[in-house]
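Structural characterization, general
Each chain, letter by letter, is given below.
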Amino acid sequence: MATLGFEVEWFDNIANAIKRLYLKFYLNDGTIELLHYEKNSTFLGRVHYPSVTLSSLFIGNSITVYSRLLTIKSYANSATEEYMSLHEVHVLCTVNREDGHVLGELFKTARLQDMRTGRVATTSQSISVAGLNIIPDDFIIEIVANSSETAEKFISKAQDISGAVTAITLEAELIRQIINSASPSSIPDDCTLCIIKPHVVHANRHEEAVNAILNHGGFSIAGVMMTHLHSDMADEFLRVYRKIIPLYSSLIEQFSGGPLMAVMITRSSYGSSDMPIGPEFREFCGPMNCELAALIRPNSMRAKLGNPGVKTNIVQNGVHCTDLEDDGFMECSYFFKTIASIKQLE
């Protein structure tokens, strides 16, 4: 089979409407082509787009092509469905907040099995479906395998990590319904936000950030979600930096360039610092310039996860963290209330 076909959706800001497109993926050289779904006319001619790979083309995932956020909704034909049934297996994992210390190990286990992290959410309500009993404060995580055998190996290893981890294979649509039915998380007063940027998630290195946070000892993860921002959402969130960061347009492009992971940080019961959590976590992340971080704070997250370079040392610096102490609640609310509520409607 030389070509795969996917139905994707794109929100056209100018027309204020959702557009359906047909994405072709050519297996022989990894090029893509976009067609208008109903007209079958060319929207984007065949082109090589490095960030769009076969592993990124699973139902429910989102990709960015020339600043357009495309959500993969379904297979466009039976041949693609048959092919992908052998190369796309979805696993749903649940972990309660009290056992959140295993999150990094869970993501690492997925990476070592060459699996991708799909949708991630935190719920504040009970959900009973498909034999699962999801309770408030559970983290709900979708992991995508490239075969049934890989999925079964992952499930076995995930359950070996902790008895608190539940992992089962489910259809992608059912996972979407479960995650969309999860109520937005409650936001504690004393919290701060960490965003693991798209370039880190794309490289499948988000486990490193999660493990760094958990291994610090003074921080706890109260909420986690995977989302893909439209450029206008990114601009709304980052607007305060517009006149501060010279590469603002590049920052917007990075924030909306692929799925990112938002992490709500609170004080661990083992934490003993007198410093407010926002400033302490900002210090833990390191200087915004990741090249500078590598020089003066080599153990910081930005030193380890940033991509140094003249144009990327601020933009691709691994993580965003809340700058001002009083903004933690507001930034967490933007993602875990506002964005989470919008995603429930999709």
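Since we're looking at a predicted model, the values are computed, not measured.

1. Digging into the overall build of the protein chain
- When helices and strands are counted, the protein chain shows 12 helices and 16 strands.
- For the protein chain, the C-alpha radius of gyration of 20 Å lies close to 20 Å, the compact-globule estimate for 346 residues.
- Long-range contacts, defined here as pairs at least 24 residues apart, represent 68% of the contacts in the protein chain between residues at least 6 apart.
- In the structure as shown, the protein chain presents an accessible area of about 15,500 Å², 50% of it carried by carbon and sulfur atoms.
- Charge separation in the protein chain, taken as the distance between the mean sites of 28 positive and 39 negative side-chain charges, equals 6 Å.

2. Points about empty space enclosed by the protein
- Applying the stated criterion across every chain, the model contains two cavities of 30 Å³ or more.
- Taken as a whole, the largest cavity holds about 80 Å³ of empty space.
- Across the lining of the largest cavity, the residue classes break down as seven nonpolar, two polar and three charged.
- One number sums up the size of the second largest cavity: a volume of about 40 Å³.
- Every residue lining the second largest cavity is listed: Arg-97, Thr-122, Thr-123, Ser-124, Asp-137, Ser-185, Ser-186, Pro-188, Ala-222 and Met-264.

3. Digging into the environment of Leu-193
- Among the secondary structure elements, Leu-193 is positioned in strand β13 (residues 192-196).
- Counting along the chain gives 130 residues from Leu-193 to Asp-323, while the straight-line C-alpha distance between them is 9.3 Å.
- If we ignore the near neighbours within four places in the chain, the residues touching Leu-193 are Phe-237, Ala-262, Val-263, Phe-281, His-320, Cys-321, Thr-322, Glu-331, Cys-332, Phe-335 and Phe-336.

4. A few points about the packing of helix α2 (residues 103-112) against helix α6 (residues 206-216)
- Relative orientation of the contacting elements α2 and α6 amounts to 160 degrees, with a least axis distance of 8 Å. One way to sum up the angle between α2 and α6 is to call them roughly antiparallel. When the axes of α2 and α6 are compared, the crossing they make is left-handed. For the pair α2 and α6, contact is made by Leu-103, Gly-104, Glu-105, Phe-107, Lys-108 and Arg-111 and by His-206, Glu-207, Val-210, Asn-211 and Leu-214, respectively.
- A breakdown of the residues in the contact of α2 with α6 according to their chemical character gives four nonpolar, three polar and four charged.

5. Let's talk about the packing of α6 against helix α9 (residues 277-285)
- For the pair α6 and α9, the least separation of the axes is 12 Å and the interaxial angle reads 125 degrees. By the angle between their axes, α6 is oblique relative to α9. The chirality of how α6 crosses α9 is right-handed. Contacts between α6 and α9 involve Ala-212, Ile-213 and His-216 on the former and, on the latter, Glu-280, Phe-281 and Phe-284.
- Of the residues that constitute the contact of α6 with α9, the class distribution is four nonpolar, one polar and one charged.

6. As for the pattern of salt bridges
- Summed over the entire model, instances satisfying the criterion amount to 12 salt bridges.
- With a shortest N-O distance of 3.2 Å, Asp-12 and Lys-19 are connected by a salt bridge.
- The class for Asp-12 is buried, based on a relative accessible area of 12%.
- Notably, a salt bridge pairs Glu-142 with Arg-119, separated by 3.0 Å at the nearest N-O pair. Here Glu-142, found in strand β11 (residues 138-145), pairs with Arg-119, found in strand β8 (residues 116-122); they are 23 residues apart in sequence, far enough to count as distant.

7. Considerations on the side chain of His-90
- Structurally, the position occupied by His-90 is in strand β7 (residues 89-96).
- His-90 sits in the buried class, given a relative accessible area of 5%.
- Separated by 2.5 Å, the side chains of His-90 and Glu-88 make a polar contact.
- Ignoring anything within four residues of it in the chain, the contact list for His-90 reads Phe-58, Ile-59, Glu-142, Ile-143, Val-144, Ile-168, Thr-169, Leu-170, Ala-172 and Ile-175.

8. Regarding helix α8 (residues 248-255)
- All buried positions along α8 are accounted for by Tyr-248, Leu-251, Ile-252, Gln-254 and Phe-255. Angularly, the buried residues of α8 cover 160 degrees about the axis, an arc narrow enough to put them on a single face. Exposed residues pointing more than 90 degrees away from the buried face of α8 are listed as Ser-249 and Glu-253.

9. Details of the packing of aromatic side chains
- Inspection of every chain in the model, using the stated rule, returns 11 aromatic pairs.
- Measuring from ring centre to ring centre gives 5.9 Å for Phe-281 and Phe-284, while their planes differ by 45 degrees; the resulting arrangement is tilted. Separated by three residues within a single helix, Phe-281 and Phe-284 lie in helix α9, roughly one turn from each other. Comparing Phe-281 with Phe-284, the two get one shared label, buried.

10. A few points about the layout of surface pockets
- Estimates place the volume of the second largest pocket at around 910 Å³.
- Lining the second largest pocket we find 42 residues, and of these Thr-64, Glu-253, Ser-256, Gly-257 and Gly-258 sit closest to its centre.
- Elements represented by at least two residues in the lining of the second largest pocket include exactly β1 (3-12), β5 (62-65), β6 (68-75), β8, α5 (198-202) and α8.
- Looking at the lining of the second largest pocket, the element that brings in the most residues is α5, giving four residues.
- Of the residues that constitute the lining of the second largest pocket, the class distribution is 15 nonpolar, 22 polar and five charged.

Parameters at a glance
- Residues numbered from 1 in each chain as written.
- Predicted model: local features only at pLDDT ≥ 70, side-chain atom pairs only at ≥ 80, totals over all residues.
- Heavy atoms only, no water.
- Helix = DSSP H or I, 4+ residues; strand = E, 2+ residues; numbered from the N terminus.
- Rg over C-alpha atoms; globule rule 2.2 N^0.38 Å.
- Contact = heavy atoms within 4.5 Å.
- Areas by Shrake-Rupley, 256 points an atom, 1.4 Å probe, with all protein chains shown as cover.
- Lys, Arg positive; Asp, Glu negative; His and termini not counted.
- Charge placed at Lys NZ, Arg CZ, Asp CG, Glu CD.
- 1 Å grid on protein atoms, 1.4 Å probe; cavity = no way out; pocket = protein on both sides within 12 Å on 5 of 7 lines; lining within 4 Å.
- Points joined across faces, edges and corners; volume = space filled by probe spheres on them.
- Nonpolar A, V, L, I, M, F, W, Y, C, P; charged D, E, K, R; others polar.
- Axes fitted to C-alpha atoms, helices over the stretch in contact; angles between N-to-C directions.
- Parallel < 35°, antiparallel > 145°, perpendicular 65-115°, else oblique.
- Left-handed = near helix turned anticlockwise from the far one by under 90°.
- Salt bridge = Lys/Arg side-chain N within 4 Å of Asp/Glu carboxyl O.
- Buried < 20%, exposed > 50% of the residue type's maximum accessible area, 1.4 Å probe, protein only.
- Polar contact = N/O pair within 3.5 Å; in protein donor to acceptor, adjacent residues only side chain to side chain.
- Arc of directions from axis to C-beta.
- Phe/Tyr/Trp six-rings, centres within 6.5 Å; stacked < 30°, edge-to-face > 60°.

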